[in-house]
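Here is how the chains run, residue by residue.
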Amino acid sequence: MKASTFRILPLPTEIAEAARHAVEAGASDHAIVRASSPGSSPCRHCLRWAQPGERVILFPYAAIPSGHPYSETGPIFVHANECQRYSATNEYPADFRNRRVSRAYDAKYKIIDAQIVNGSEPEVVIETLFQNPDTAFVDVRSVTHGCFTFRVQRG
Ligand SMILES: [Zn+2]
């Protein structure tokens, strides 16, 4: 098996921790939610679906920083309790093989391509997007809700 040509970048632990502190401090834009069903609340830190009844924090995250035409801030979940950051960074996360869109960005945060991952192998989609030398990174998002799930860099 050849080495993977990409590296998965889960949400940094500092950001998950900051969200947990913000909830404790009563930040109005951070909410505690109980996952209602399997497949409703993906944790961007461990890259697993929250189990029904598990507590997650819902808060806005700037996946594409401000100051660019494609700047984008949107809602994401992290587990309310400590969880382990996804570490198999050379493997596409098993929980998100379906109902995702992969968006390729250039180094100036401009969207230059996008492909839906649904039935097709996500690894193949990501490798195809990285065949364009202008692709700096790929963001994987929910195809239905549009929410940022995780980033992929070149391996
Ligand atoms: Zn988690």
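Residues numbered from 1 in each chain as written. Predicted model: local features only at pLDDT ≥ 70, side-chain atom pairs only at ≥ 80, totals over all residues. Heavy atoms only, no water.

**Student:** Describe the overall build of the protein, and please don't skip the residues or the numbers.
**Tutor:** Tallying secondary structure elements over the protein gives 2 helices and 10 strands in all. A globule of 155 residues ought to have a C-alpha radius of gyration of about 15 Å, and the protein, at 15 Å, matches this closely. Its C-alpha atoms put the protein at 45 × 35 × 25 Å along the principal axes. Per-residue burial for the protein yields a buried fraction of 39% across its 155 residues. Of all intrachain contacts in the protein linking residues separated by at least 6 positions in sequence, the fraction that spans at least 24 positions is 61%. Between the centroid of the 17 positive side chains of the protein and the centroid of its 16 negative side chains there is a distance of 2 Å. (Helix = DSSP H or I, 4+ residues; strand = E, 2+ residues; numbered from the N terminus. Rg over C-alpha atoms; globule rule 2.2 N^0.38 Å. Buried < 20%, exposed > 50% of the residue type's maximum accessible area, 1.4 Å probe, protein only. Contact = heavy atoms within 4.5 Å. Lys, Arg positive; Asp, Glu negative; His and termini not counted. Charge placed at Lys NZ, Arg CZ, Asp CG, Glu CD.)

**Student:** Before we move on, can you summarise the pairing of strand S9 (residues 137-142) with the specific residues and values?
**Tutor:** With respect to burial, S9 is a largely interior element, 6 of its 6 residues being buried. Bridging between strand S7 (residues 100-105) and S9 involves 6 bridges; their strand directions are antiparallel. If you follow Ala-104 over to S9, its bridge partner there is Val-138. Pairing between S9 and strand S10 (residues 148-154): 4 bridges, direction antiparallel. (Pairing = 2+ DSSP bridges.)

**Student:** Summarise helix H2 (residues 122-130); cite the residues concerned and give the values.
**Tutor:** Of all the residues in H2, the buried ones are Pro-122, Val-125, Ile-126, Leu-129 and Phe-130. Viewed end-on, H2 has its buried residues packed into an arc of 130°, placing them on one side of the element. Tucked inside the fold, the buried residues of H2 contact strand S1 (6-9), S7, strand S8 (111-117), S9 and S10. (Arc of directions from axis to C-beta.)

**Student:** Describe the coordination of the zinc ion, with residues and values.
**Tutor:** At the metal site, the zinc ion is ligated by Cys-43 (SG), Cys-46 (SG), His-79 (ND1) and Cys-83 (SG), and these contacts range over 2.0 to 2.3 Å. Taken together, the 4 donor atoms surrounding the zinc ion define angles of 100 to 117° at the centre, an arrangement classified as tetrahedral. Spacing between the donor residues of the zinc ion along their common chain follows C-x2-C-x32-H-x3-C. (Donors = N, O, S within 2.8 Å, 3.2 Å for Na, K, Ca; no water. Tetrahedral: all angles 85-135°; square planar, octahedral: opposite > 155°, others 65-115°.)

**Student:** Can you lay out the environment of Asn-118 for me, pointing to particular residues and giving the numbers?
**Tutor:** Following the sequence through the fold, Asn-118 ends up in the loop between S8 and H2. With 25 residues separating them along the chain, Asn-118 and Val-143 place their C-alpha atoms 9.0 Å apart.

**Student:** If you had to explain the nonpolar core to someone new, which residues and values would you point to?
**Tutor:** If you look at the biggest cluster of nonpolar residues, it comprises 17 residues, and the most contacted ones within it are Phe-6, Ile-8, Tyr-92, Phe-150 and Val-152. Those elements giving two or more residues to this core turn out to be S1, H2, S9 and S10. At 4 residues, the largest contribution of residues to this core is made by H2. Not counting the four nearest positions on each side in its chain, Tyr-92 is found in contact with Phe-6, Ile-8, Tyr-86, Arg-97, Arg-100, Pro-122, Glu-123, Ile-126, Val-140 and Phe-150. In this structure, Cys-46, Tyr-61, Ile-76 and Ala-80 belong to the second largest nonpolar core, which totals 14 residues. (Core = buried A, V, L, I, M, F, W, Y, C linked by side-chain atoms within 4.5 Å.)

**Student:** Quick one: what's the story with unusual backbone geometry, residue by residue and with numbers?
**Tutor:** With a phi close to 55°, Arg-99 is a non-glycine residue in the positive phi region. Tracing the backbone shows Arg-99 in the loop between strand S6 (72-79) and S7. In this model, Tyr-109 sits at a positive phi of 65°, which is unusual for a non-glycine residue. Mapped onto the fold, Tyr-109 is located in the loop between S7 and S8.

Read these as geometric descriptors, not functional statements.
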